Amino acid sequence: MLLATRKSLYFVKFEVVPRVGRANMAGVYIAYPFCSQKCAFCNFASGPGLKKLEGDYQQALIAELALHPWEWTPETVYLGGGTPSRIEPVPLEAILAAVPGKPWQEATIEASPGTVTPERAAAWKQAGITRVSLGVQSFVHEEVRPLGRNHTPATVAGDVALLKQAGLEDLNIDLIAGLPRQNADSWSVSLDWVERLDAEHVSVYMLEIDEDSRLGREILAGGSRYGAAMTPDEGRTADLYEQAVERLAGMGLRRYEISNFARPGRESLHNLKYWRLAPYAGFGADAHSFDGRTRWSNVETAGEYVDRWRSGEPVVLERQPARPAEERFFVGLRLSEGISPTPQERSRFSEPIARFLDGGLMEERQGRLRLTGRGMMLSNEVFQEFLPG
């Protein structure tokens, strides 16, 4: 399954697309690629080897935010990583102070289990954070420990308690289906903990196997490190995902996007922007942006990002025209609500639409096209027909 892309921005005049509903307001993404350790399954441009750059990176972020010609007021903010929960309170306050619009409708920080303290939770609340996304991945210690994580269920439960005590009750729990050693029984343990903690939002991603992570390279090479030889195959991983869909539905967590489940009204307002093609501005290394007409990206690595800040050079690396008509199908069909095609879109995509309707991968209700449960499992097959040419 495809994961939502993390987005960003720099120095570019921002064109505002029409606002449609609460979740279509503009948002800001801030990339923080620093971690205490690099997890074997991680395929993001992040890691512990960047620590010597961390102070300068924070200053570069503040400078980029301060120099941006704001033509709109952001309503959501998302700090992703890496592990932004490791930012000390003073620089975190300074970074967020450079973003206009506080208090935002939603401001999320990603946190690794074990990084939450009473002092940090209070500082997050003070800085304007309203939502915390805990990167749990699995509640089974034997599954996460070989991959570079040391948390236990008690660690996560303690973090949740600290966050709620600080008034941060809007929480997400990230899980990964298809980790080495994972099976239906161990997966049930993780889902049991989700229910025990009364989570109101859960993200379930299927393990990505590619050359960008150590685990992915080991699996592709047929090796055994990190438990690679015990990784479930695609069929068993799909079964785990379906198991999660059923269990989470029983907890009142509705699947509103392929990988995201929430109680009504607790959906991620920021992430909905990506799937509804609302504008967003990103800041930091490997950040991407969208203004309704154009997509652009920052330089990929933290080192180059800091170097360009030091020399006064722009950090934008690539810019290309957006194709909203085609992208609307590609991203909009990820949502359970689907999309309402225009007459022109129905004509242009008449053949694949008819084929997927007949094949049971897509359905139509009151003029809206949406993926069926089977269609979500085979979403890549569907999306290929609507990729921008």
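The rules behind these values
Residues numbered from 1 in each chain as written. Predicted model: local features only at pLDDT ≥ 70, side-chain atom pairs only at ≥ 80, totals over all residues. Heavy atoms only, no water. Helix = DSSP H or I, 4+ residues; strand = E, 2+ residues; numbered from the N terminus. Buried < 20%, exposed > 50% of the residue type's maximum accessible area, 1.4 Å probe, protein only. Contact = heavy atoms within 4.5 Å. Areas by Shrake-Rupley, 256 points an atom, 1.4 Å probe, with all protein chains shown as cover. Phe/Tyr/Trp six-rings, centres within 6.5 Å; stacked < 30°, edge-to-face > 60°. Lys NZ or Arg CZ within 6 Å of the ring centre and 35° of its normal. Salt bridge = Lys/Arg side-chain N within 4 Å of Asp/Glu carboxyl O. Axes fitted to C-alpha atoms, helices over the stretch in contact; angles between N-to-C directions. Parallel < 35°, antiparallel > 145°, perpendicular 65-115°, else oblique. Left-handed = near helix turned anticlockwise from the far one by under 90°. Nonpolar A, V, L, I, M, F, W, Y, C, P; charged D, E, K, R; others polar.

A. How the structure looks around the overall build of the protein. Counting its regular elements, the protein contains 15 helices and 14 strands. Going through the 389 residues of the protein one by one, you find that 55% of them count as buried. In the protein, once contacts between residues fewer than 6 apart in sequence are set aside, the share between residues at least 24 apart is 72%. Accessible surface for the protein amounts to roughly 16300 Å². Of this, 51% is attributable to carbon and sulfur atoms.

B. Region of interest: the environment of R348. Here R348 lies in helix α12 (residues 343–348). Spatially, the C-alpha atoms of R348 and E326 are 9.9 Å apart, while their sequence positions differ by 22 residues.

C. Layout of the packing of aromatic side chains. Counting across every chain of the model gives 16 aromatic pairs. Note on Y32 and F34: the rings are 5.0 Å apart at their centroids and 55° apart in plane angle, and the pair reads as tilted. The exposure classification of Y32 matches that of F34, with both residues buried. Considering the side-chain rings of F356 and F386, the 6.4 Å spacing of their centres and the 55° angle between planes classify their relative orientation as tilted. One end of the pair, F356, is in helix α13 (residues 350–358); the other, F386, is in the segment after α15 (379–383), and 30 residues separate them in sequence. In this pair, the class of F356 matches that of F386, namely buried. Here the aromatic residues Y32, F34, Y57 and Y305 are joined through ring pairs into a cluster of three or more. Here the basic side chain of R355 rests over the ring of F356, its NZ or CZ set 5.1 Å away from the ring centre.

D. How the structure looks around the pattern of salt bridges. In this structure the tally under the stated criterion is 21 salt bridges. Two residues, R355 and E385, come together in a salt bridge whose shortest N-O distance is 3.3 Å. Of the two residues, R355 sits in helix α13 while E385 sits in the segment after α15, which places them 30 residues apart along the sequence. Taking the relative accessible area as the measure of exposure, R355 reaches 35% and is therefore partly exposed. Overall, the relative accessible area of 34% leaves E385 in the partly exposed class. Put simply, R370 and E363 hold a salt bridge, and the shortest N to O gap is 2.1 Å. A network of salt bridges, in which partner residues are shared, links D56, D307 and R310.

E. Quick look at the packing of helix α1 (residues 54–67) against helix α10 (residues 302–311). At a minimum axis separation of 9 Å, α1 and α10 run at an interaxial angle of 60°. Classed by the angle they form, the pair α1 and α10 counts as oblique. In terms of crossing hand, the pair formed by α1 and α10 is left-handed. In this structure, α1 uses D56, Y57, Q59, A60, L61, A63 and E64 to contact α10, whose residues at the interface are A302, Y305, V306, W309 and R310. In the contact of α1 with α10, the residues fall into eight nonpolar, one polar and three charged.

F. How the structure looks around the packing of helix α6 (residues 184–196) against helix α8 (residues 234–250). α8 packs onto α6 with a crossing angle of 30° between their chain directions and a minimal axis gap of 11 Å. When the axis of α6 is compared with that of α8, the two are roughly parallel. When you trace α6 past α8, the crossing you get is right-handed. Judged by residue contacts, A184, W187, S188, L191, D192, V194 and E195 of α6 engage L240, Q243, A244, R247 and L248 from α8. Of the residues contributing to the contact of α6 with α8, the split by class is seven nonpolar, two polar and three charged.

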